[in-house]
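# Understanding the architecture of this molecule
Chain residues, written in single-letter form:
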Amino acid sequence: MTKRYWLTKKINEYVGVISIVNLLNYSGELGYYLNPELHGSFVSVGFYYNALNFIFNQQIVYNLYGYAEKKNIRANSLNDLFGFSKTAMTSDGYEESLA
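Residues numbered from 1 in each chain as written. Predicted model: local features only at pLDDT ≥ 70, side-chain atom pairs only at ≥ 80, totals over all residues. Heavy atoms only, no water.

## Some thoughts on the nonpolar core
Ranked by internal contacts, the top residues of the largest apolar core, which has 17 residues, are I18, I20, L30, I55, I60 and V61. If you list the elements that add at least two residues to this core, you get β2 (13-24), β3 (27-34) and α1 (43-57). Once residues within four sequence positions are removed from consideration, I18 is found in contact with R4, Y5, W6, T8, L30, G31, Y32, F47, A51 and I55. (Core = buried A, V, L, I, M, F, W, Y, C linked by side-chain atoms within 4.5 Å. Buried < 20%, exposed > 50% of the residue type's maximum accessible area, 1.4 Å probe, protein only. Helix = DSSP H or I, 4+ residues; strand = E, 2+ residues; numbered from the N terminus. Contact = heavy atoms within 4.5 Å.)

Shown next as structure tokens:
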């Protein structure tokens with residue numbers, strides 16, 4: 001199992017960290033951390049866009065997945081904006097589409 005992390009910077013300001021964990025056969029789990037000072041700003045959309053652009057242009061993965069709690073409205077809004085599909089884990093451990 002491989003993990004990769006990138007610290008992102010815009011001009012002289014650290015924006016956040018991008019990570020891909022469980023990297024195997026060009027598939028991996030996306031994670032990110034946005035600088036708390038930038039929460040609630042429009043920087044998050046550009047950060048997310050540039051992170052995805054970098055990951056796919058560098059051909060790090062072809063299949064990307066991630067997890068967000070249902071109550072994490074900001075993360076789910078970004079996922080919706082960028083066209084990620086939604087599934088939920090059922091109590092017996094199966095995935096169920098929420099589309």
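## Notes on the environment of R74
Residue position: R74 is located in helix α2 (residues 73-81). Along the primary structure R74 and H39 are separated by 35 residues, whereas in three dimensions their C-alpha atoms are 9.5 Å apart. If we ignore the near neighbours within four places in the chain, the residues touching R74 are H39 and G40.

## What about α1?
Helix length check: α1, at 15 residues, gives a terminal C-alpha distance of 21 Å against a target of 21 Å (1.5 Å per residue), a fit within 8%. Looking at α1, one finds that the buried residues are S44, F47, Y48, A51, L52 and I55. Down the axis, α1 shows its buried residues gathered within 125 degrees of arc, on one side only. Just beyond α1, the residue with positive phi is Q59, at close to 55 degrees. (Expected span 1.5 Å × (residues − 1). Arc of directions from axis to C-beta.)

## Details of the side chain of N35
Mapped onto the secondary structure, N35 falls in the loop between β3 and α1. Among the polar contacts listed, one links the side chain of N35 to the backbone nitrogen of E37, at a separation of 2.9 Å. Leave out the neighbours within four places in its chain, and N35 touches Y14, V15 and G16. (Polar contact = N/O pair within 3.5 Å; in protein donor to acceptor, adjacent residues only side chain to side chain.)

## Remarks on the packing of aromatic side chains
Enumeration according to the criterion identifies seven aromatic pairs in this entry. Between the aromatic rings of Y48 and F82, the centroid separation amounts to 5.1 Å while the plane-to-plane angle is 55 degrees, which identifies the pairing as tilted. Separated by 34 residues along the polypeptide, Y48 in helix α1 and F82 in the loop between α2 and β5 (87-89) bring together distant segments of the chain. Look at F82 and you get partly exposed, because its relative accessible area is 27%. (Phe/Tyr/Trp six-rings, centres within 6.5 Å; stacked < 30°, edge-to-face > 60°.)

By themselves, these observations are geometric and do not establish any function.
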